[in-house]
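Overview (structure and organization)
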Amino acid sequence: MAELTEELSRVKAEEPAVPSTDVRVHPNPEPAKEGTPTVIVDDLHIIYRVYGAASDTEKGNAVNALMRLVKRQGRPQMKEVHAVRGVSFVARHGDAIGIIGRNGSGKSTMLRAIAGLLPPHSGAVYTNGQPSLLGVNAALMRELTGERNIVLGCYAMGMNPAQVKEKYDDIVDFSGIGEFVQFPMSTYSSGMGARLRFAIASARSHDVLLIDEALATGDREFRRKSQDRIKKMRDEAGTVFLVAHNLDVIEETCNRVIWLHKGKIKMDGDPQTVLAAYNKV
Amino acid sequence: MSQPESAIADAQAGGPSNGTPEPLAKLAARYGLRRAIARPSLLVYLRQLWERRHFVMTYATSRNVSKYSNSALGQLWQVLTPLLNAAIYFLMFGVILGASKGIDNYPAFLITGMFVFTYTQRSVSGGAKAISGNLSLIRALHFPRAALPLAYTIQEFQQLLISMGVLLGLVLLTQEPVTLLWLLIPVALALQTMFNVGASLVLARVGSTARDLNQLLPFIMRTWLYASGVFFSIEDRVVGPNGAGLPQWVADIMYFNPAAAYIELMRDLLMQTHPARPYIWAVCVFWALFALLGGFWYFWRAEEKYGRG
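These lines cover the structure that appears in this document, whether it is placed above or below. The model shown is predicted, which means the values in this text are computed figures rather than measured ones.

Let's shift gears to the pairing of strand β3 (residues 96–100) of chain A. All names here are of chain A. Taking burial as the measure, the 5 residues of β3 include 5 buried ones, the bulk of the element. On β3, burial covers both faces: Ala96, Gly98 and Ile100 on one face and Ile97 and Ile99 on the other are all buried. Bridge analysis of β3 against strand β7 (residues 239–243) gives 4 bridges, and the strand direction is parallel. Residue Ile97 lies in a different strand from β7, and its bridge partner there is Phe241. With 4 bridges joining them, β3 and strand β8 (residues 256–261) adopt parallel strand pairing. Within β8, the position partnered with Ile100 by the bridge is Trp259.

Printed below as a string of structure tokens:
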């Protein structure tokens, strides 16, 4: 099967490339039927490289850099973390899949691989359209005002100026931060920051939506608002993946649950069965 | 139910019912699913990059704004930094070390060299960090990764426009006349920018895997600075009677260094007394095209791997 996969991937590589990041304007040409596969994960392995923390402590000085290079020869302080170890499953149109597991079980790593942001070590992820991770935090800058960050975040998610203009007021309204939008984000309370980030990230609609514990932000009022928003996005999206530690949310919104343990699928099935087994451990 | 195999069994439910398991890759092909991570063709990649031009520009501007947002003088530092730099270098090399021997209008010579070199230096060192310093961004959002090194160079370009204003003012102060040649300054800057973009793309890919590059870079940059004839005339010091007395071809090779070439070109344009180098335009055009095309191709080749870090 591995050979077949390789064969196929080679065939795929020779095909004229299709603009894969370009799905934001036009959804799939023919609306996918209920039950059609939208995401196929085939024996996925992901290995992270982690470098020794020492490299951050001494910076800038050229002599230091040379010394370290000499000392390190033949003994690189690099560790490999095998985060996902051979996961396979098929997600279908209309699925809302919850992913549960302990910290460090590979949940977020797997989501990033599905989103096409992390290259697999071996195996493959096949998708229909471009899955998007719900989250824009990394693109924002704390020193800048909320206004600038809204524009920056929208562009980072691939919007054009007209779309940014159209969404701007909606984002400010939804976040409910009011005139604070003119202050730098570094002056925000953590709740305000989280609200603005969620408002920006959820301003776009997606084909395949990946949500990584985005629910537990802000006060109760905002949590209710954001859950409504996520429900709406879920209805618009064909397939949803949801990573959360809050099992109630998963039970409420998902029709299938995958339990990851140490990078492998421990259980995959309907929420009642899997959650019952998970709670027993 | 409780094993990964159940997922594969699940996959077969939609497949042909002849009993043999269908490989997942085949199932994907049957439903027209594509690999989640795949490198687009070079043309498609260029188009995607063009579609992200607003992001690139906004990101560059945002970085420039946030850089000085904590200081009381704020954006004024964009002008003050080059001015202070010029003052220090003039004091060190012009007054104390007396490197000005035999060079007409040494202040203009030095400051031009310094500003032109700084532009390339900062673009290249920025490029080296563009991927390795933004891993969280790369692991969160989709965009052509070349947008990052490009944004870093554009950020430096915005800074350079201010520096050029300072430079032109200082050059005028040293009694250089405004000539028609000044009209060519934008062309020279465009060529240098093309080189900078290409070089920072190369360094971005190298820096994304070679972690020690960032430690080594200041060292390389200082060597490059001394080899590029910023403080002295390469011709005088290498070939001339007061210099090392080496053959002419050594100087010719040193002038082929892209940084030296762009510095010499700008001096030719700004200073009337500066002796023009032969073939300088050809060298500058060559480096611009070579670096931009080669750098872009080299960076694109690893596009799908940058998330790994």
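Residue and element names in this part refer to chain B. Scanning the entire structure with this criterion turns up 11 salt bridges over all chains. Notably, a salt bridge pairs Glu304 with Arg39, separated by 3.3 Å at the nearest N-O pair. With a gap of 265 residues between them, Glu304 in the segment after α14 (280–300) and Arg39 in the loop between β1 (34–35) and α3 (42–51) connect regions that are remote in the sequence. Glu304 sits in the partly exposed class, given a relative accessible area of 21%. Note that Arg122 is salt-bridged to Glu156, the shortest N-O span being 2.9 Å. Residue Arg122 is located in helix α6 (residues 106–130), and its partner Glu156 is located in helix α8 (residues 147–173); the two are separated by 34 residues in the primary sequence.

Residues and elements named next belong to chain B. Its location among the elements puts Tyr45 in helix α3. Among the residues examined, Tyr45 registers a relative accessible area of 0% and is labelled buried. In this view, Tyr45 contacts Pro40, Pro144, Arg145, Ala146, Phe296, Phe299, Trp300 and Glu303; residues no more than four positions away in its chain are not counted. A distance of 3.0 Å separates a polar atom in the side chain of Tyr45 from the backbone nitrogen of Ala146.

A few words on the packing of aromatic side chains. Considering all chains together, one arrives at 23 aromatic pairs over all chains under this definition. Ring geometry for A:Trp259 versus A:Tyr278: centroids 5.1 Å apart, planes at 85 degrees, classification edge-to-face. Linking A:Trp259 in strand β8 with A:Tyr278 in helix α9 (residues 271–280), this pair joins segments that are 19 residues apart in sequence. We classify A:Trp259 as buried; its relative accessible area is 5%. By relative accessible area, A:Tyr278 is classed as buried at 11%. Taken together, B:Phe195, B:Phe256, B:Tyr262, B:Phe286, B:Trp287 and B:Phe290 form an aromatic cluster joined through their ring pairs. Above the plane of the ring of B:Phe143 lies B:Arg145, whose end atom (NZ or CZ) is 4.8 Å from the centre. Lying over the aromatic face of B:Phe109, B:Arg267 brings its terminal NZ or CZ to 3.5 Å of the ring centre.

Parameters and conventions
Residues numbered from 1 in each chain as written. Chains lettered and ligands numbered in written order. Predicted model: local features only at pLDDT ≥ 70, side-chain atom pairs only at ≥ 80, totals over all residues. Heavy atoms only, no water. Buried < 20%, exposed > 50% of the residue type's maximum accessible area, 1.4 Å probe, protein only. Helix = DSSP H or I, 4+ residues; strand = E, 2+ residues; numbered from the N terminus. Pairing = 2+ DSSP bridges. Salt bridge = Lys/Arg side-chain N within 4 Å of Asp/Glu carboxyl O. Contact = heavy atoms within 4.5 Å. Polar contact = N/O pair within 3.5 Å; in protein donor to acceptor, adjacent residues only side chain to side chain. Phe/Tyr/Trp six-rings, centres within 6.5 Å; stacked < 30°, edge-to-face > 60°. Lys NZ or Arg CZ within 6 Å of the ring centre and 35° of its normal.

These results come straight from atomic positions and should not be treated as a statement about function.
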